[in-house]
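Close look at the chain arrangement
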Amino acid sequence: MSRLNQVHPDTATGRAKELLTAVKGKLGLVPNMTRAMANSPAVLDGYLQFSGALSKGVLSAKLREQIALTVSQANGCDYCLGAHSAVGKMVGLTAEQIRDSRLGTAVDPKADAVLRFARRVVETRGRVEDGDVNEVREAGFGDDAIAEVIAHVALNVFTNYFNEAVKTDLDFPKAEALPDQRLQAVTE
């Protein structure tokens, strides 16, 4: 059970109501994560603006979902795995691509380079090496895409941590179990 109240769009007021109405207009539904974020309209607005801005970047919707799956699996976030598995199917990912993305890999060499880089960003908490960045460049990506991969990792770490901390009630089909891929604590 969620540790935070989930603000219902019909009873919300003020800025929370505006934001939840916008979510419903865009998605056709109001996910429990956004209902929980609506307790602080600043949090929900920040999430929506960051996500919206990144959706206008150079990375495709499929690749953005693959990054989300890689990060969510690394952090063991069941809510985000369920949500991004569902959205991944909607943007055209196959069941195999969803599974591979959760494991931080892809058959396509360009996507594979991005997902391995995203995983390294999570594993090292951003302390990647020159070789990690160069692998993404060698796969054909520019600095714009590299910056966006890092931003997508940050966005997904935020939603992973938010949903884990508040125990958001799952409102998407639960993702199939895979071997535990959560990160071990990074020691310095």
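Residues numbered from 1 in each chain as written. Predicted model: local features only at pLDDT ≥ 70, side-chain atom pairs only at ≥ 80, totals over all residues. Heavy atoms only, no water.

A word on the overall build of the chain. Assigned secondary structure in the chain consists of nine helices and zero strands. Each helix and strand of the chain, ordered N terminal to C terminal, gives the series α-α-α-α-α-α-α-α-α. Computed over its C-alpha atoms, the radius of gyration of the chain comes to 17 Å, within 12% of the 16 Å expected for a compact globule of 188 residues. Its C-alpha atoms put the chain at 50 × 35 × 35 Å along the principal axes. In the chain, which comprises 188 residues, the share counted as buried stands at 46%. Of the contacts formed within the chain by residues at least 6 apart in sequence, a portion of 73% connects residues at least 24 apart. Of the accessible surface of the chain, which amounts to about 9900 Å², a share of 54% is contributed by carbon and sulfur atoms. Computed over 22 positive and 24 negative side-chain charges, the separation of the two mean positions in the chain equals 5 Å. (Helix = DSSP H or I, 4+ residues; strand = E, 2+ residues; numbered from the N terminus. Rg over C-alpha atoms; globule rule 2.2 N^0.38 Å. Buried < 20%, exposed > 50% of the residue type's maximum accessible area, 1.4 Å probe, protein only. Contact = heavy atoms within 4.5 Å. Areas by Shrake-Rupley, 256 points an atom, 1.4 Å probe, with all protein chains shown as cover. Lys, Arg positive; Asp, Glu negative; His and termini not counted. Charge placed at Lys NZ, Arg CZ, Asp CG, Glu CD.)

Position of R64 relative to the elements: it lies in helix α4 (residues 61-75). One buried charge, R64, has no salt-bridge partner; the nearest side chain with opposite charge is E65, at 6.0 Å. Filtering out sequence-adjacent residues up to four positions away, R64 remains in contact with L54, S55, L59 and H152. (Salt bridge = Lys/Arg side-chain N within 4 Å of Asp/Glu carboxyl O.)

Bringing the packing of aromatic side chains into the picture now. Using the criterion set out here, one finds two aromatic pairs in the structure. Here Y79 and F172 contribute two aromatic rings whose centre-to-centre distance is 6.0 Å and whose plane-to-plane angle is 80 degrees, an arrangement assigned as edge-to-face. A residue pair is termed long-range when its members are at least 10 positions apart, and Y79 in helix α5 (residues 78-90) and F172 in the segment after α9 (143-166) qualify at 93 residues. Like F172, Y79 is buried. A ring pair is formed by F158 and F162, whose centres lie 6.1 Å apart and whose planes are at 50 degrees; its orientation type is tilted. With F158 and F162 both in helix α9 and four residues apart, the pair spans about one turn of that helix. Exposure remark for F158: the relative accessible area of 32% places this residue in the partly exposed category. Positioned above the aromatic ring of F141 is the side chain of K110, whose terminal nitrogen or guanidinium carbon lies 4.9 Å from the ring centre. (Phe/Tyr/Trp six-rings, centres within 6.5 Å; stacked < 30°, edge-to-face > 60°. Lys NZ or Arg CZ within 6 Å of the ring centre and 35° of its normal.)

This part covers the nonpolar core. For soluble globular proteins, nonpolar side chains are generally found buried alongside one another. Membership of the largest hydrophobic core comes to 23 residues, with the highest contact counts inside it found for L20 and L44. Sorting the residues of this core by element identifies α1 (14-27), α2 (32-37), α3 (41-54), α5 and α9 as the ones contributing at least two each. L44 has contacts with L19, L20, T34, M37 and A38, leaving out every residue within four places of it along the chain. Counting 21 residues, the second-largest nonpolar core is a separate cluster that includes A106, A111, I146 and V157. (Core = buried A, V, L, I, M, F, W, Y, C linked by side-chain atoms within 4.5 Å.)

Another aspect to go through is the side chain of E148. Along the polypeptide, E148 turns up in helix α9. Lacking a salt bridge, the buried E148 has R64 as its closest oppositely charged neighbour, with an N-O distance of 6.5 Å.

This brings us to the packing of α4 against helix α7 (residues 109-123). Orientation of α4 relative to α7, taken along the N-to-C sense of each, is 35 degrees, at an axis distance of 9 Å. Handedness of the α4/α7 crossing: right-handed. Across the interface between the two elements, L63, Q66, I67, T70, V71, A74 and N75 of α4 pack against A111, V114, L115, A118, R119 and V122 of α7. Of the residues assigned to the contact of α4 with α7, the class counts are nine nonpolar, three polar and one charged. (Axes fitted to C-alpha atoms, helices over the stretch in contact; angles between N-to-C directions. Left-handed = near helix turned anticlockwise from the far one by under 90°. Nonpolar A, V, L, I, M, F, W, Y, C, P; charged D, E, K, R; others polar.)

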